[in-house]
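# Structural features, examined
Next come the chains, spelled out residue by residue.
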Amino acid sequence: MSLSIITNTFAGNPLNRASERRGDEAWLAEKLADPESLAVALWNGKPLVEDLLGDDGKPKGVQIAYLRADLAQDLAGGHERLLFLGLWKDIAVFAVDIDTAADPSEGPLQGLGRFEELRGVAAAMPPADAGILATAKSMFEWRRRHRWCSNCGQKSEVADGGWKRVCPACEAEHFPRTDPVVIMLALHEGKCLLGRQAAWPKGMFSALAGFLEPGETIEEACARELKEEAGLTAVAVRYHSSQPWPWPSSLMMGLTADVDGGDAAPDQTELEEVRWFSKEEAAQLIKGELEGLFAPPPLAIAHQLIKSWAEG
């Protein structure tokens, strides 16, 4: 169910997460053995996909290449690499994290699909598939980075269908983390401010962004980042939309912010250049019609922020 008129790429996971079932080990074991249950596979962070065919039988995109859950269980070799994603109606959906040197699509999964970088194929996927894969990728990234107890240093174990880690030594419980990021358009006198980092492709401009710090509200983080990166003072902040971003586990919170002046200057640490764009210029930027300049691709919330403002 969509709760917003804006649904960014990686949002809209349609599965019932069925969190009340995660701790029921007998039920999970039963579902893993059920021939009706499904699984998505990731190999070194890349999802297994297949062509999405149109009515004419020709490819029109890509979609998840689902496996039987019992096959995924065999590939996992234990609970550490399995994740219960949720329910599609009454069908259980799991994910398996495969970490091998050899490509499984040329071995045990030959003929069942191919592994592709999610960032490269997400825009060609049904939105629901992209949302499911973003959840699985983010969860596996968290588990991979938090195998050791942060309280005592001992190795932790998977619990609750993969949604929790428990330390057998000190009994500390560890839950998935999401890193909140504010990403914003500064607005002043009918123009929006965009910036660029030195490491980006030449000519690319995007919205300013930064991580929210402890003890900050979203609005305060937005104001701080604008002051730090561009020397601007925010006077009003408005929410636009949000986007899960599974590199590795962020939540992008899209905002617009009115600022009290147009004298912007890049900090030369985060940004090497900032520039004001009129609505006409912003519209040309997202269409690739502004000579020598371009915006992030449509799958990024920055693109949608610029487009929404330019067309608004």
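As a reminder, the structure under discussion sits directly above these lines.
Further remarks concern the pattern of salt bridges. Tallied over the entire structure, the rule returns 21 salt bridges. Arg177 is the partner of Asp179 in a salt bridge, and the nearest nitrogen-oxygen pair spans 2.4 Å. For Arg177, a relative accessible area of 47% puts it in the partly exposed group. Among the ionic contacts, a cluster of salt bridges with common partners joins Arg81, Asp97, Asp99, Lys137, Glu141, Arg144 and Arg145.

The next thing to look at is helix 7 (residues 301-311). Where helix 7 is concerned, the buried positions are Ile301, Ala302, His303, Leu305, Ile306, Trp309 and Ala310. For helix 7, the secondary structure elements touched by its buried residues are strand 11 (179-188), strand 12 (191-196), strand 14 (234-245), strand 15 (250-259), strand 16 (273-278) and helix 6 (279-287).

If you look at soluble globular proteins, the nonpolar side chains tend to sit buried side by side. Of all hydrophobic cores here, the largest spans 49 residues; its most connected members are Val40, Leu85 and Leu185. Element by element, the count of residues in this core is highest for helix 4 (residues 127-145), at eight residues. Dropping the residues within four chain positions of it, Leu185 is found in contact with Cys192, Leu193, Leu194, Ala207, Leu255, Thr256, Ala257, Leu305, Ile306 and Trp309.

The next point concerns the packing of helix 6 against helix 7. Between helix 6 and helix 7, the shortest axis-to-axis distance is 9 Å and the interhelical angle comes to 140°. In terms of their interaxial angle, helix 6 and helix 7 are classed as oblique. With respect to the hand of their crossing, helix 6 and helix 7 are arranged in left-handed fashion. Counted together, Lys279, Ala282, Ala283 and Ile286 of helix 6 and His303, Ile306, Lys307, Trp309 and Ala310 of helix 7 form the full contact between these two elements.

This next bit is on the environment of Leu82. In this structure, Leu82 sits in strand 5 (residues 82-88). Residues Leu82 and Trp309, 227 residues apart in the sequence, show an inter-C-alpha distance of 41 Å.

In this section: the side chain of Arg196. Mapped onto the fold, Arg196 is located in strand 12. Judged by its relative accessible area of 5%, Arg196 falls in the buried class. Within the local environment of Arg196, its side chain forms a polar contact with the backbone oxygen of Met204, the two atoms lying 2.9 Å apart. Not counting residues up to four positions away in its chain, the partners in contact with Arg196 are Pro201, Lys202, Gly203, Met204, Phe205, Leu271, Glu272 and Glu273.

Looking at the element boundaries, Ala283 is found in helix 6. Assessed through its relative accessible area of 19%, Ala283 is described here as buried.

Next up on the list: the packing of aromatic side chains. Evaluated as defined, the whole model comprises seven aromatic pairs. The interplanar angle of 65° and the centroid separation of 5.7 Å between the aromatic rings of Phe205 and Phe277 together place this pair among those described as edge-to-face. Of the two residues, Phe205 is situated in the loop between strand 12 and strand 13 (208-211) and Phe277 in strand 16; the sequence distance between them amounts to 72 residues. For the pair shown, Phe205 and Phe277 are each scored as buried. The rings of Phe10, Trp245 and Trp247 are connected pair by pair, giving a single aromatic cluster.

So, on to unusual backbone geometry. With an omega of 0°, the peptide bond running from Trp247 to Pro248 counts as cis. Position of Pro248 relative to the elements: it lies in the loop between strand 14 and strand 15. Positive phi values are uncommon outside glycine, yet Asn44 reaches one of about 50°. Mapped onto the secondary structure, Asn44 falls in the loop between strand 1 (38-43) and strand 2 (46-53). Of note, the phi angle at Lys89 is positive, near 60°, even though the residue is not glycine. With respect to the helices and strands, Lys89 occurs in the loop between strand 5 and strand 6 (91-98). For Lys89, a relative accessible area of 69% gives the class exposed.

Okay, the sheet that holds strand 8 (residues 157-159) next. Pairing is antiparallel in the open sheet, where three strands are placed in the order 8-9-10. Where the open sheet ends on each side, the last strands, each with one partner, are strand 8 and strand 10 (173-174). When strand 8 meets strand 9 (residues 164-166), the two strands line up antiparallel, connected through three bridges. Each residue of the ladder has a partner; that of Val158, found in strand 9, is Arg165.

Regular strands place side chains that alternate from one sheet face to the opposite one. Note that strand 1 and strand 2 share two bridges and pair antiparallel. Bridge assignment links Leu42 to a residue of strand 2, and that residue is Pro47. Where strand 1 folds back onto strand 2 in an antiparallel hairpin, the turn is made up of two residues, including Asn44, whose phi is positive at roughly 50°. Pairing of strand 2 with strand 7 (residues 114-115), which is carried by two bridges, proceeds in the antiparallel orientation.

About the cut-offs
- Residues numbered from 1 in each chain as written.
- Predicted model: local features only at pLDDT ≥ 70, side-chain atom pairs only at ≥ 80, totals over all residues.
- Heavy atoms only, no water.
- Salt bridge = Lys/Arg side-chain N within 4 Å of Asp/Glu carboxyl O.
- Buried < 20%, exposed > 50% of the residue type's maximum accessible area, 1.4 Å probe, protein only.
- Helix = DSSP H or I, 4+ residues; strand = E, 2+ residues; numbered from the N terminus.
- Contact = heavy atoms within 4.5 Å.
- Core = buried A, V, L, I, M, F, W, Y, C linked by side-chain atoms within 4.5 Å.
- Axes fitted to C-alpha atoms, helices over the stretch in contact; angles between N-to-C directions.
- Parallel < 35°, antiparallel > 145°, perpendicular 65-115°, else oblique.
- Left-handed = near helix turned anticlockwise from the far one by under 90°.
- Polar contact = N/O pair within 3.5 Å; in protein donor to acceptor, adjacent residues only side chain to side chain.
- Phe/Tyr/Trp six-rings, centres within 6.5 Å; stacked < 30°, edge-to-face > 60°.
- Pairing = 2+ DSSP bridges.

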